[in-house]
Amino acid sequence: MTMCGASPAQTDTGLVPSDGALVRLKVLDIAELGRGGPDLFVLRLSPPGWETPLPGRFLMLRAAATGREYLCARPFSICRINDEALVVFFQVRGKATRDFAALKPGDPVDVWGPLGNSLPVDSCRPVLALAGGMGIAPFVNYVDQHPAPGNISLEFGHRLPLECYPLRYIEGKCRIRTHHEKNDGDRAVFSALVEERIREFALSGIILACGPGAFLRLVRELALKYRAEAWLSLETRMACGIGACLGCAVKALLPAEAFAAPAQVLAAPPSRGDREHFVQTCLCGPNFRADRVLL
Amino acid sequence: MSAGGRENAKLGVCLKGARASLALNNPVLTASGTFGYGLEFSPYGDLRKLGGIVVKGLSLEPREGNPMPRIAETPCGLLNSVGLQNCGAEIFLRDKLPLLPVEVLPVIVNLYAAATDEFAVLAGLFSGEHGIAALEVNISCPNVREGGLLFGQDPRMAAEVTAAVRARCPDKPLIVKLTPNVTDIAVIAKACVEAGADILSCINTLSGMAVDLNTRSPLLATVTGGLSGPAIKPVALRSVWQASRAVSVPVIGVGGIGSAEDVLEFILAGAGAVQVGTASFSRPDAVFRIVEDLPAVMEKYGVDDLEAFRGSLLTWQTD
Ligand SMILES: Cc1cc2nc3c(=O)[nH]c(=O)nc-3n(C[C@H](O)[C@H](O)[C@H](O)COP(=O)(O)OP(=O)(O)OC[C@H]3O[C@@H](n4cnc5c(N)ncnc54)[C@H](O)[C@@H]3O)c2cc1C
Ligand SMILES: Cc1cc2nc3c(=O)[nH]c(=O)nc-3n(C[C@H](O)[C@H](O)[C@H](O)COP(=O)(O)O)c2cc1C
Ligand code: FES
């Protein structure tokens, strides 16, 4: 017998009590995807011993060796996690990621997590996952953890060759369509397709999106237009990842009942109600319902 | 407050002000705005092991803070323009304070206001409040009624705020937190102590700025912000040294502290205690590790009594 079920109500409020922990892990191996240039890496770390974190959550990562050029750790989606490894998929963007790309097997890294809220999982509702480029990372874990991955349709827009992305982990598990964007024309075609799909799923499906800011803004607009339930996974810049620095604020609307439990009090924004306030992406997100966040 | 065992007794410090004192199990506190309301860090260490915590700056009314982006990394430092986003004093007292282990953990509130009378009203809210160990007044904020100059940049305004807070909350030790953005920190330190400060803390962030050549825009939405982290440690150390020589009350050192060695350096330069700030962003267990490491590091450097070690900096002998 199969049961229909949704993951805990936390996804509805967007808040979770902090259950993170700091662990020192070892690099198992690191592999560059694609050949020469794009700088996309799959970093496999020794397993952190977390209870399987719900999909959509993230971690903070820093190399343990001293004398690093950067001060703060960096946030990454949990791309995969199992008994053998914790996998992070990243692109070299600046100081810290350049440093991570030079990690060698056996190097120690410090990781804290799992952090943030998770994406909704409901085995009975069809899911439309919209990924743009690096935004594919959380969906690998989402597909891995979903009890009925056959209900997931993934539309993946990418600019780099397909072999640069960690798609092989989920191939054959869900429906995947890829869209190579080589120019503005391709992008317009992809945008039109995104609209068509959102309209299709608006009635009974769940829509999830992760990718560049412009892509999330587009999904948000369309989700509002078609009154679809859509969740956006944000990649706001962060310093601490645990709600303390207030550097990752985003304007969001969180209902008053979201702050009822004591464990959630720490995330309470300046005031509650029916108006958007600055809340921490790391505590109240990174996944926000499209109708409750301003981008 | 119970000392709790021999090890803690050795680390204990008493910050004796003119009117009130603050006894701590160890000299390591957290810096305001870098440790949330404390609870955020409870998964990463035992809050009760800390010397105390200073919570995020509180104002009378909730504040939304500044637009994004609010943080930027700079070489060995962090620039921020959070803009004192906070839940307001009332919500703090009602919702957050009850969740903290105040019986064993000194909780210090950090106050922010835009005018002297506002500071006074705010201070009044904490008078008699069980569970608040001390007040820390952030005078690195603009006096809106007097042209926006920081309270802490003018000895008269700094003294006025100190006296006003003192009058409305006479039952708690009063810490005044100095800004390094001044010509002579000793002048401000003296003015605050004369007006009734029991303890001084220094320093708050240094005014700074960073730009992006690619986008030709500032890295912070507010253009300028406050610099913190290892980059400012020498400035903080110098400020503590100057302030502690200028006044007879204890000085708490803040700025770039990231290890137990740093703690001892500040105490050597004259600090009675320290606060750990930006290091808690680098790793959430930073302050807990510093407390844990301190006894061994004290032993390594032959320090067995922090009170005696305080300010014992030697001078170069010149012929
Ligand atoms: C919840 C979450 C999950 C993430 N998951 C992944 C992931 O799975 N894989 C991955 O590769 N990346 C992910 N990111 C983004 C990743 O954290 C950044 O790419 C990384 O911090 C860059 O660090 P750096 O030191 O290399 O770059 P920096 O030197 O810090 O910055 C390089 C340039 O990028 C800009 N920049 C840096 N961070 C951001 C940002 N967040 N938004 C806009 N501009 C920025 C800087 O201003 C600068 O111009 C995630 C972010 C969040 C918040
Ligand atoms: C993000 C951030 C927020 C801060 N908020 C406050 C505040 O609300 N009140 C205050 O007095 N100081 C505030 N500070 C200053 C710190 O308490 C501390 O004085 C300063 O950061 C220097 O110490 P550090 O180098 O160890 O961080 C803040 C600093 C940072 C980085
Ligand atoms: S990253 Fe520090 S509050 Fe979110």
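Rules used throughout
Residues numbered from 1 in each chain as written. Chains lettered and ligands numbered in written order. Predicted model: local features only at pLDDT ≥ 70, side-chain atom pairs only at ≥ 80, totals over all residues. Heavy atoms only, no water. Helix = DSSP H or I, 4+ residues; strand = E, 2+ residues; numbered from the N terminus. Expected span 1.5 Å × (residues − 1). Buried < 20%, exposed > 50% of the residue type's maximum accessible area, 1.4 Å probe, protein only. Contact = heavy atoms within 4.5 Å. Near = heavy atom within 4 Å. Polar contact = N/O pair within 3.5 Å; in protein donor to acceptor, adjacent residues only side chain to side chain. Areas by Shrake-Rupley, 256 points an atom, 1.4 Å probe, with all protein chains shown as cover. Nonpolar A, V, L, I, M, F, W, Y, C, P; charged D, E, K, R; others polar. Salt bridge = Lys/Arg side-chain N within 4 Å of Asp/Glu carboxyl O. Buried area = accessible area lost by both parts, 1.4 Å probe.

1. Observations regarding helix 5 (residues 213-225) of chain A
Residues and elements named next belong to chain A.
Part 1 of the argument: When the terminal C-alpha atoms of helix 5 are compared, their 18 Å separation across 13 residues agrees well with the 18 Å that a helix rising 1.5 Å per residue should span.
Part 2 of the argument: For helix 5, the full list of buried residues reads F215, L216, V219, R220, L222 and A223.
Part 3 of the argument: Structurally, helix 5 contributes buried residues whose contacts are with strand 8 (127-132), helix 4 (184-201), strand 11 (206-210) and strand 12 (229-233).
Part 4 of the argument: Trailing helix 5 by a residue or two, R227 shows a phi angle of about 50 degrees, which is positive.

2. Describing the site of ligand 1
Residues and elements named next belong to chain A.
Part 1 of the argument: The full set close to ligand 1 counts 21 residues, and P75, F89, A96, T97 and E235 are the nearest of them.
Part 2 of the argument: Within the backbone of A96, one N or O atom sits 2.8 Å away from an oxygen atom of ligand 1.
Part 3 of the argument: Isolated, ligand 1 exposes 920 Å² of accessible area, and the fraction of that covered by the protein chains is 81%.
Part 4 of the argument: Tallying contributions element by element places strand 4 (residues 74-77) first for the shell around ligand 1, with four residues.
Part 5 of the argument: Residues that form the shell around ligand 1 fall into these classes: eleven nonpolar, five polar and five charged.

3. So, helix 4 (residues 155-168) of chain B
Residue and element names in this part refer to chain B.
Part 1 of the argument: A rise of 1.5 Å per residue sets the reference length of helix 4, with its 14 residues, at 20 Å; its end C-alpha atoms lie 20 Å apart and thus fit the reference within 8%.
Part 2 of the argument: Restricting attention to buried positions, one finds in helix 4 the residues M157, A158, V161, T162, A164, V165 and R166.
Part 3 of the argument: Its buried side turned inward, helix 4 meets helix 3 (116-126), strand 8 (134-138), strand 9 (174-178) and helix 5 (185-194).

4. Overview of the pattern of salt bridges
Part 1 of the argument: Within the structure shown, the criterion is met by 23 salt bridges over all chains.
Part 2 of the argument: Two residues, D144 of chain A and K173 of chain A, come together in a salt bridge whose shortest N-O distance is 3.1 Å. Taken as a pair, D144 of chain A in helix 3 (residues 137-145) and K173 of chain A in the loop between strand 9 (152-158) and strand 10 (175-180) lie far apart in primary sequence, 29 residues in all.
Part 3 of the argument: The class for K173 of chain A is partly exposed, based on a relative accessible area of 36%.
Part 4 of the argument: A salt bridge links D262 of chain B to K233 of chain B; its shortest N-O distance comes to 2.8 Å. Here D262 of chain B, found in helix 7 (residues 260-268), pairs with K233 of chain B, found in helix 6 (residues 233-246); they are 29 residues apart in sequence, far enough to count as distant.
Part 5 of the argument: Since its relative accessible area comes to 11%, D262 of chain B is described here as buried.
Part 6 of the argument: Linked through salt bridges whose partners overlap, the residues forming this network are R24 and D110 of chain A together with R283 and D285 of chain B.

5. Remarks on the interface of chain A and chain B
Part 1 of the argument: Listed as interface residues are 37 residues of chain A and, on the opposing side, 39 residues of chain B.
Part 2 of the argument: Both faces considered, chain A and chain B share a buried interface measuring about 3,100 Å² in area, 61% of it formed by carbon and sulfur atoms.
Part 3 of the argument: If you look at where chain A meets chain B, you find two salt bridges.
Part 4 of the argument: Notably, a salt bridge pairs D110 of chain A with R283 of chain B, separated by 2.5 Å at the nearest N-O pair.
Part 5 of the argument: The interface formed by chain A and chain B includes ten residue pairs in polar contact (both at pLDDT 80 or more).
Part 6 of the argument: Here the residues of the side of chain A that touches chain B are counted per class, giving 22 nonpolar, six polar and nine charged.

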